[in-house]
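This is what each chain is made of:
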Amino acid sequence: MELNDLASSSGEWLKGDGPESDIVISSRIRLARNLAHFPFISRATDSDRVDLEEVLRALITTIDTPQRLIYLNVGELEGLDRQFLVERQLISREHAESDGARGVAIQECEQYSVMINEEDHLRIQVMHSGLDLDAAWDRISHIDDTIESQTTYAFDDRLGFLTACPTNVGTGLRVSVMLHLPALVITNQIEKVFRSLQKISLAVRGLYGEGSQAMGDFYQISNQITLGRSEQELIKQVADVVPVMIDYERKARDFLIRESQQKLHDRVSRAYGILRTAQTISSEETMHLLSSVRMGVNLGLIHDVAIPTVNKLFIHTQPAHLQKIRGATLDTADRNIERASYLRRHLGRDGNSENN
Amino acid sequence: MKCQQCDKTATFHITELTGGKPQELHLCEDHARDYLAPTEEESTASIPALTGILAQQLAVGETAEELARLDQKSCPVCGITFLEFRKQGRLGCPHDYECFGKELEPLLVNIHGETTHTGKVPKTAPGNTHEKTRLIRLRREMKDAVRDEDYERACQLRDEIRQIEQGGSPPDQTSSPRE
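Residues numbered from 1 in each chain as written. Chains lettered and ligands numbered in written order. Predicted model: local features only at pLDDT ≥ 70, side-chain atom pairs only at ≥ 80, totals over all residues. Heavy atoms only, no water.

Draft legend 1. Spatial organisation of the packing of helix 7 (residues 190–199) of chain A against helix 8 (residues 231–277) of chain A. Residue and element names in this part refer to chain A. Two numbers describe how helix 7 lies on helix 8: the axes approach to 12 Å, and their chain directions differ by 165°. In terms of their interaxial angle, helix 7 and helix 8 are classed as roughly antiparallel. Crossing handedness for the pair helix 7 and helix 8: right-handed. Where helix 7 approaches helix 8, its residues Val193, Phe194 and Leu197 are matched on the opposing element by Val241, Met245 and Tyr248. By residue class, the composition of the contact of helix 7 with helix 8 is 6 nonpolar, no polar and no charged. (Axes fitted to C-alpha atoms, helices over the stretch in contact; angles between N-to-C directions. Helix = DSSP H or I, 4+ residues; strand = E, 2+ residues; numbered from the N terminus. Parallel < 35°, antiparallel > 145°, perpendicular 65-115°, else oblique. Left-handed = near helix turned anticlockwise from the far one by under 90°. Contact = heavy atoms within 4.5 Å. Nonpolar A, V, L, I, M, F, W, Y, C, P; charged D, E, K, R; others polar.)

Below you can see the structure in the form of structure tokens.
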């Protein structure tokens, strides 16, 4: 099955290459669009949603792409598969949990996906590994143009693209960059940094978007404003703060090495040790320890494991991924045992030869 | 040096620059974390709570009577009332931006600081948005007609919808020539 093909890879956003990829995990841009001749989703009847799904599905399959496009009827998927897509960041939690006709088209390399009947009729998102916002914009703008040439979007001359929620009106654009900031967390500077970002209207979220905790020290920085500025200005605002964040994180890492290299080396080694030997382990603890290991590899404190392997473990040890890879439904206790076993296999003596 | 708030060693030395003259703080790890954590006010401010902003805005300059009347106001196209929008924070159709334009204006200023789009514009200019929103209304009327078992009216509406969808204006409509 197609979904199972995805499970064995690690997807685009955790591939771990691209510029500044020791700190910048991925760049993401999404556009919210609605068709002019249908009500927004909150007022759409069941039959409206069925019509919308049909119309939009046909439109999306016209996107010219050298890669295959996989279309999934989200409403008909099993709970485990929906959770898998959320972990993969291909659909939102809201999309997984809502009702009615809805779907998602996923490019097979996972560089973009298009959700149908989420909060808006269309949510197009492009994800690139590392810091790569300009290329991501070119791609998403092209997809947007292709769809637009065959339909009429809800658009107002003064307010721009009309969206279900006034927080997205105008460009319908959300630009976000995911960063790995373990040293800022260890040195307790993270909250300060975020407060200063909020002052310039940038939002900070955890790994899985709004309301999620910053698991594994991953943070997403994105724009709050969508109206009154051009897409390029909004992208630049986020892009401009990324080098500053990278600089802060590098300084914090330098500080940790300078002030307490032994303490840091100890922390990293212990994390690695637990991951390689534990017999049962939760998802939270795994994320927390993998974060230390990831930083340890980037600082040259751990030599026998590669970053792409660590990145892959972040996603493969998530609950739904673990069950998809194992090919069985597991309860929490069994998942913790399976997770520990998976980690031992990939980080143990045998796993070290794996150069992914 | 000891932490200013307990007996542990102070490992964090913070210079606070806000509020006039610099203030020195010496704290242990635990107290530093507490100090650096955002206050409740700051953390809730991070994601603009739409309904909160709305409630705040409407509380200023509106009497209870005016508010009640405003809440009853509904969109002729999708039927959503302002009260429903206030409760769920989501609009019902594109026409709501026009219908509730006056009420939404201060909200948009609060969220975005601006009210005029300066970004990308569709290549195929949506010259007939009006006609499109008409479709939404017609579909709703058709559903109502079916519900009321007025099948003659429903058929009429269905034909009208089809005609617009296929790109031709219905005969009884005084619409501008199509591009």
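Draft legend 2. Looking closely at the packing of aromatic side chains. Under the definition given, this model contains 6 aromatic pairs over all chains. With a centroid separation of 5.9 Å and an interplanar angle of 80°, the aromatic rings of Tyr153 of chain A and Phe161 of chain A are classed as edge-to-face. You'll find Tyr153 of chain A and Phe161 of chain A in the same group, each marked buried. Arranged with centres 5.2 Å apart and planes meeting at 65°, the rings of Phe82 of chain B and Phe100 of chain B form a pair that is edge-to-face. Of this pair, Phe82 of chain B sits in helix 5 (residues 82–88) while Phe100 of chain B is found in the loop between helix 6 (96–99) and helix 7 (101–112), placing the two residues 18 residues apart along the sequence. Of the residues examined, Phe100 of chain B reaches a relative accessible area of 0% and is grouped as buried. Feature note: the residues Tyr153, Phe155 and Phe161 of chain A constitute an aromatic cluster, connected by ring pairs. Here Arg33 of chain A stacks its cationic end above the ring of Phe161 of chain A, 3.5 Å away from the centre of that ring. Sitting over the face of the ring of Tyr272 of chain A, Arg276 of chain A holds its NZ or CZ atom 4.4 Å from the ring centroid. (Phe/Tyr/Trp six-rings, centres within 6.5 Å; stacked < 30°, edge-to-face > 60°. Buried < 20%, exposed > 50% of the residue type's maximum accessible area, 1.4 Å probe, protein only. Lys NZ or Arg CZ within 6 Å of the ring centre and 35° of its normal.)

Draft legend 3. Inspection of the pattern of salt bridges at higher detail. Under the counting rule described, the total for this entry stands at 29 salt bridges over all chains. With a closest N to O distance of 3.2 Å, Glu119 of chain A and Arg90 of chain B form a salt bridge. With Glu119 of chain A in the loop between strand 4 (112–116) and strand 5 (122–129) and Arg90 of chain B in the loop between helix 5 and helix 6, the pair connects residues from two separate chains. By relative accessible area, Arg90 of chain B is classed as partly exposed at 28%. Of the charged contacts, one joins Asp145 of chain A and Lys123 of chain B as a salt bridge, the two residues approaching to 2.9 Å between their closest N and O atoms. One end of the pair, Asp145 of chain A, is in helix 5 (residues 133–148); the other, Lys123 of chain B, is in the loop between helix 7 and helix 8 (129–147), on a second chain. (Salt bridge = Lys/Arg side-chain N within 4 Å of Asp/Glu carboxyl O.)

Draft legend 4. View of the nonpolar core. Counting residues in hydrophobic clusters, the biggest one holds 84 residues, and the most contacted among them are Ile29, Ile147, Leu179, Leu181, Phe194 and Met245 of chain A. If you tally residues by element for this core, the top one is helix 8 of chain A, at 14 residues. The residues contacting Phe194 of chain A, other than those within four sequence positions of it, are Leu181, Val204, Tyr219 and Met245 of chain A. The next biggest cluster of nonpolar side chains, apart from the first, holds 25 residues, and it includes Ala154 and Val169 of chain A together with Cys75 and Leu107 of chain B. (Core = buried A, V, L, I, M, F, W, Y, C linked by side-chain atoms within 4.5 Å.)

Draft legend 5. Examining the interface of chain B and chain A more closely. Each side of the interface is counted separately: chain B has 51 residues, and chain A has 52 residues. Where chain B touches chain A, the interface holds 7 salt bridges. Across the salt bridge formed by Lys120 of chain B and Asp145 of chain A, the nearest N and O atoms sit 3.0 Å from each other. Taken together, the connections running from chain B to chain A amount to 28 residue pairs in polar contact (both at pLDDT 80 or more). Mapped onto the side of chain B that touches chain A, the elements with two or more residues apiece are strand 1 (12–16), helix 1 (29–36), helix 5, helix 7 and helix 8 of chain B. With 7 residues, the top contributor of residues to the side of chain B that touches chain A is helix 8 of chain B. (Polar contact = N/O pair within 3.5 Å; in protein donor to acceptor, adjacent residues only side chain to side chain.)

Draft legend 6. The sheet that holds strand 5 of chain A, seen in detail. Residues and elements named next belong to chain A. The 8 strands lie next to each other as 2-3-4-5-1-8-10-9, forming an open sheet whose pairing is antiparallel. If you trace the sheet from one side to the other, it starts and ends with strand 2 (69–73) and strand 9 (202–205), each paired once. Between one strand axis and the next, the sheet turns by 20° as a mean value, whatever way the strands run. Both strand 2 and strand 3 (residues 103–107) contribute to a ladder of 5 bridges, which runs antiparallel. Looking at the pairing, Leu72 lines up with Val104 of strand 3. Along the sheet, helix 8 makes contact with strand 1 (24–33), strand 8 (173–180), strand 9 and strand 10 (218–223), crossing strand 8 at roughly 10°. (Pairing = 2+ DSSP bridges.)

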